[in-house]
Amino acid sequence: MRGSAPVVTEVLLTPRGPIVSGTLDGVSRSLSMRATWLEPGPVRGFLDVHRTRDFATFREAFRAWPGPSLNVVYADAGGHVGWQVVGTLPRRRAGNGVLPLPAWEAGWESDHLPFDDLPWTLDAPTGFVASANHAPRADAPDMPFLGVDWLDGYRAARLSEVLDGRSDWDVAGCMALQTDVLSVPWREMREVVLA
């Protein structure tokens, strides 16, 4: 910190990331933490996307996006609308990453999900895509696990409700949508709470 003497800290690195248990009270074993977005890799994605003229090249621009996972959306003058999950996501052999796994046991290893296994859509039947930090799709045993840290879906539901309710969008309508404060949960429980 400014005005303080430098502090030298030893960081122990493992194939599963740095040891972080020194900062956790009462932890008797070493705990390492790994994050795919901390791995070195080429950075393209947002650096190339401004050159795209169709959804295929838009998707291809994000094939080399090593950062944290994001929802990116696409629209063009031809009326096409698309959506793609991008980022380096782990393909876990065991667990889901919420709880630590014992490194001395087999099964903790993971590699990366191939880009082509990440969810995407082009020209959805609704005519729009809504992205609001909600789960990009329902979990299914035959689909790659994407994570657990999603918002509850109410924002996406409200966006979908408003977008589906009109087709005459203009700047004023878009501004109003950005400041929409209707609460879907409150609408669902209002009568019960007020009673």
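Above this note sits the structure.
Residues numbered from 1 in each chain as written. Predicted model: local features only at pLDDT ≥ 70, side-chain atom pairs only at ≥ 80, totals over all residues. Heavy atoms only, no water.

A. Inspection of the pairing of strand β3 (residues 70–75) at higher detail. For β3 and strand β4 (residues 81–86), the ladder comprises six bridges, and the chain directions are antiparallel. Along β4, the bridge assignment pairs Val72 with Gln84. Once β3 ends, the chain turns through five residues before running back antiparallel as β4, passing Gly79 with a positive phi of about 90 degrees. (Pairing = 2+ DSSP bridges. Helix = DSSP H or I, 4+ residues; strand = E, 2+ residues; numbered from the N terminus.)

B. Representation of the nonpolar core. With 15 residues, the main nonpolar core has Phe58, Phe62, Val86 and Leu118 as its most contacted residues. Contributing elements (two or more residues each) for this core: α1 (55–61), β3 and β4. The leading source of residues in this core is β4, at three residues. Ignoring sequence-local partners within four residues, the contact set of Val86 consists of Phe62, Trp65, Pro68, Ser69, Leu70, Val72, Phe115 and Leu118. (Core = buried A, V, L, I, M, F, W, Y, C linked by side-chain atoms within 4.5 Å. Buried < 20%, exposed > 50% of the residue type's maximum accessible area, 1.4 Å probe, protein only. Contact = heavy atoms within 4.5 Å.)

C. Main features of unusual backbone geometry. With phi around 55 degrees, Asp123 is a residue other than glycine that occupies positive phi space. Examined against the element boundaries, Asp123 turns out to sit in the loop between β7 (120–122) and α2 (154–164). One non-glycine residue, Asn133, lies in the positive phi region at around 60 degrees. Along the chain, Asn133 turns up in the loop between β7 and α2.

D. Spotlight on the packing of aromatic side chains. Tallied over the full model, the rule gives seven aromatic pairs. For the pair Phe55 and Phe58, a centre-to-centre distance of 5.8 Å together with 20 degrees between the ring planes defines the contact as stacked. In this pair, Phe55 and Phe58 are both assigned in helix α1, three residues apart and thus about one turn of the helix distant. Judged by relative accessible area, Phe55 falls into the buried class, the value being 6%. Residue Phe58 is classed as buried on the basis of its relative accessible area of 6%. An aromatic cluster is built from Phe46, Phe55, Phe58, Phe62, Trp65, Tyr74 and Trp120, whose rings are joined through pairwise contacts. Above the face of the Trp120 ring, Arg59 is positioned so that its terminal group lies 4.3 Å from the ring centre. Sitting over the face of the ring of Trp169, Arg166 holds its NZ or CZ atom 4.5 Å from the ring centroid. (Phe/Tyr/Trp six-rings, centres within 6.5 Å; stacked < 30°, edge-to-face > 60°. Lys NZ or Arg CZ within 6 Å of the ring centre and 35° of its normal.)

E. Structural context of the sheet that holds β4. Spatially, three strands are ordered β3-β4-β7 in an open sheet, and the strand pairing comes out antiparallel. Looking at strand neighbours, the two that pair on one side only are β3 and β7, the edges of this open sheet. Between one strand and the next, the sheet's axes are offset by a mean angle of 15 degrees, whatever the strand orientation. Judged from the three bridges that link them, β4 and β7 form a sheet pairing that is antiparallel. Along β7, the bridge assignment pairs Gly82 with Leu122. (Axes fitted to C-alpha atoms, helices over the stretch in contact; angles between N-to-C directions.)

F. Structural context of the packing of α2 against helix α4 (residues 184–194). Two elements in contact, α2 and α4, have axes whose closest approach is 8 Å; the angle formed by their N-to-C orientations is 95 degrees. Taken together, the axes of α2 and α4 are roughly perpendicular relative to one another. Note on element contacts: α4 touches α2 through Val184, Pro185, Arg187 and Glu188, opposite Tyr154, Arg158 and Glu161. Within the contact of α2 with α4, the residues separate by chemical class into three nonpolar, no polar and four charged. (Parallel < 35°, antiparallel > 145°, perpendicular 65-115°, else oblique. Nonpolar A, V, L, I, M, F, W, Y, C, P; charged D, E, K, R; others polar.)

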